[in-house]
Structures are given as C-alpha cells and as structure tokens.
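Chain and residue survey
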Amino acid sequence: MLTVLHLSVILGCIVCSALLFRQPEKLNEQSKTLASLILMAVAFIAAAEVGQLTLTNSSQDAQTMQRLLSNLATYISTPLMASLLFAASFGYHFSRRGWGRWVLALFAMFELMRRMELGVSYSVVLGALTVAALVIAFVRFSSPSVRTAGLITAGCWGVSMLVAGPYPVWQGLQSEPLRLTSFAAGLIAFGIATGQVIRLQQAETKKEAD
C-alpha cells in the first residue's frame, strides 16, 4: 500500500513538472526562472520518494542517504516552492543567484535548529509558515482558477505537514497513507495553479512589450 502511495507522489511530481512547461508560448526569462526553480524543488521531492522505495536495507549508509533526501524535500523543497509563489504574488522577481542564497539560508537554518535540538518545533513552524505563505500568495491572484487550485494545494499540504505528518500539531493524528495521499494531491494542484500563474505572467509581459 505504501509503495503505491510513494509512487503516487512521484506521479504527482511528474504531473506538476509537466504542467509548468505546458505553455502556449516560449517562456520568458522571468517565467523560466520560476519554472526551473520549482522543477528543481520537485526533483528533490521525487528523489526522496525514490529513496524511500529503493534504500530499503538497514545499513547506516542507506539510512543516512534516505534521511538526507527526506530532509531536502521537507526543509528545502516545499518552503522554496511556497516562497517562489509568495514573491511572485507581490510582483517580486529575483535572480537565480538570489534564490540560491535563500536555499543556502534554509539549509543553514535547518542545521542550526538541528544542532540546538529544536528540530521538531522547527518542523511545525516551517510547515505552518509554508502553508500560510501559500494561502497568502494564491489569495492575492485575481484569477479564480488560480485561487481555487492554490487553496487546494495549501489545504492538502496543511493536512500532510501539520495533521498527518511525523510532527503533527495535535498528537496521535499521524497517518502515513494520509500524509502521502494529501501531499501527492497538493503537488498536482500546485502544478495546475503555478502553470496558470506562469501563463498570466507571460501574457502580462507580452502586453507590456506591446
């Protein structure tokens, strides 16, 4: 059962990636930066799921690699994806170098919290901030379809991170099948919403050029 659900997350990653680049026109530099960074984050998530399926022996190296990939997905990918949409909703468009610094800051914050033995609290706070950033970002877009798909993403990831995940807000609600199912659904909804955001950005840029 869990194998099928891990595969569903990988499928969600593939669908999300395809929706980003399924555009009627060639991506401009601004949209290409947004899409490529999200694609990188989605690749980390897919790699984490592949690790869960393939690194099944009990050796220390396998467990370390599995934990590393899982941390990339949890503490880097989803916050980065939320940050990208949050910035885009306010009209802020940073370079890849700028976003690279943000990724390094996320790495540094995770390592600092781990060394201070505040990992659990940090996971809950980061999950809540990620969901909040998604809600704020998608509410700011005027397109009803973007809002709907975006809020579905926030709801699904809220369940995955804060309700059914390993560190839920309310103890005793952990459910790995629910976590994986809601996360996979959120990935597809995120791809739908972000694909439309990119389309809107393309149209706006073209209008300004005309």
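Residues numbered from 1 in each chain as written. Predicted model: local features only at pLDDT ≥ 70, side-chain atom pairs only at ≥ 80, totals over all residues. Heavy atoms only, no water.

Quick look at the side chain of Q201
We apply this condition: Strands are runs of DSSP state E lasting at least 2 residues, helices are runs of H or I lasting at least 4, and numbering of each runs from the N terminus. Note on contacts: a residue pair is in contact if any heavy atoms of the two residues lie within 4.5 Å.
Along the chain, the position of Q201 falls in helix 7 (residues 176–209). When near neighbours in sequence (up to four residues on either side) are disregarded, Q201 contacts N28, Q30, S31, L34, A88 and H93.

Quick notes on the packing of aromatic side chains
The condition is simple: Aromatic pairs are defined between Phe, Tyr and Trp rings, using the six-membered ring for Trp, whenever the two ring centres lie within 6.5 Å; interplanar angles under 30 degrees are classed as stacked, those over 60 as edge-to-face, and all others as tilted. For every residue, the accessible area obtained with a 1.4 Å probe (protein chains only) is divided by the maximum for its type, and the residue is called buried under 20%, exposed over 50%, and partly exposed between those limits.
Taken as a whole and assessed by the stated rule, the structure comprises 10 aromatic pairs. Between Y75 and Y122, the ring centres sit 5.9 Å apart and the planes meet at 10°, which makes this aromatic pair stacked. Placement of the pair is Y75 in helix 3 (residues 60–89) and Y122 in helix 5 (residues 119–140), with a sequence separation of 47 residues. Here Y75 matches Y122 in class, with each residue buried. For the pair Y92 and F94, a centre-to-centre distance of 6.3 Å together with 35° between the ring planes defines the contact as tilted. Judged by relative accessible area, F94 falls into the partly exposed class, the value being 46%. Chaining the aromatic ring pairs together yields one cluster made of F86, F90, Y92, F94 and W99.

A short note on the packing of helix 3 against helix 4 (residues 96–115)
For clarity, the cut-off: Fitted lines through C-alpha atoms give the axes, limited to the stretch in contact for helices. The angle between two N-to-C directions lies from 0 to 180 degrees. Geometric relationships in this document are graded by angle, where less than 35 degrees denotes roughly parallel, more than 145 denotes roughly antiparallel, 65 to 115 denotes roughly perpendicular, and other angles denote oblique. Whether a crossing is left-handed or right-handed is set by the direction in which the near helix is turned from the far one by less than a right angle, anticlockwise for left-handed and clockwise for right-handed.
The N-to-C vectors of helix 3 and helix 4 enclose an angle of 140°; their axes lie 10 Å apart at closest approach. Put simply, helix 3 runs oblique to helix 4. You can see that helix 3 and helix 4 cross each other, and the crossing is right-handed. Where helix 3 abuts helix 4, its residues N71, L72, Y75, I76, P79, L80, S83, L84 and A87 lie against W99, W102, V103, L106, F107 and F110.

Quick look at the nonpolar core
The cut-off we apply is this: Put simply, a nonpolar core is a bunch of buried Ala, Val, Leu, Ile, Met, Phe, Trp, Tyr and Cys residues held in one set by side-chain atoms that sit within 4.5 Å of each other.
Core analysis: the largest hydrophobic core is formed by 49 residues, its most contacted members being I38, M81, L85, W157 and F190. Looking at this core, the elements with two or more residues in it are helix 1 (2–21), helix 2 (29–54), helix 3, helix 4, helix 5, helix 6 (144–163) and helix 7. Looking at which element gives the most residues to this core, the answer is helix 3, with 10 residues. Excluding its chain neighbours within four sequence positions, the residues that come into contact with M81 are I38, A41, V42, I45, W157, L187 and F190. In terms of nonpolar packing, the next biggest core, distinct from the first, is built from 5 residues, Y75, F110, Y122 and L126 among them.

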